Amino acid sequence: SAYELDRWHFEAPAEDLLFVGDVHTPPERMAAVRYHDPTEGERYCHHTESATVQIRILRKSKSGWETVKTLNARNSAALEVVMRRHDPRVPLLLP
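Student: Sorry if this is basic, but what is going on with the overall build of the protein chain here?
Tutor: Along the protein chain, the regular secondary structure elements total zero helices and seven strands. When the helices and strands of the protein chain are listed from N to C terminus, the series reads β-β-β-β-β-β-β. Taken along the three principal axes of its C-alpha coordinates, the protein chain extends 55 × 30 × 15 Å. In the protein chain, buried positions account for 31% of the 95 residues. Look at the contacts in the protein chain between residues 6 or more apart in sequence, and 58% of them connect residues 24 or more apart. When the accessible surface of the protein chain is summed, it comes to about 6600 Å², and 52% of that surface belongs to carbon and sulfur atoms. Of the side chains in the protein chain, 13 bear a positive and 14 a negative charge, and the two mean positions are spaced by 4 Å.

Rules behind the numbers
Residues numbered from 1 in each chain as written. Predicted model: local features only at pLDDT ≥ 70, side-chain atom pairs only at ≥ 80, totals over all residues. Heavy atoms only, no water. Helix = DSSP H or I, 4+ residues; strand = E, 2+ residues; numbered from the N terminus. Buried < 20%, exposed > 50% of the residue type's maximum accessible area, 1.4 Å probe, protein only. Contact = heavy atoms within 4.5 Å. Areas by Shrake-Rupley, 256 points an atom, 1.4 Å probe, with all protein chains shown as cover. Lys, Arg positive; Asp, Glu negative; His and termini not counted. Charge placed at Lys NZ, Arg CZ, Asp CG, Glu CD.

And the structure:
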């Protein structure tokens, strides 16, 4: 799994299947709030509910991984990233 402010990539194996997902959104479609985590201190949550997601389902075969199905959702998925600093590209709603 790897993420940045505006994207997240993940791979999740399950027996002979592999789920590969990519979620992304422009930072302008996100909103941020500041909060205090009791154990970690000040944090900024960057959130959207209009991200685009693609999930590929692959099945293991004798020749390698083959795509069985691809699922897409455009501008209708949630993406949330918590960071130590506020990203200035995202409007801060609760300073």
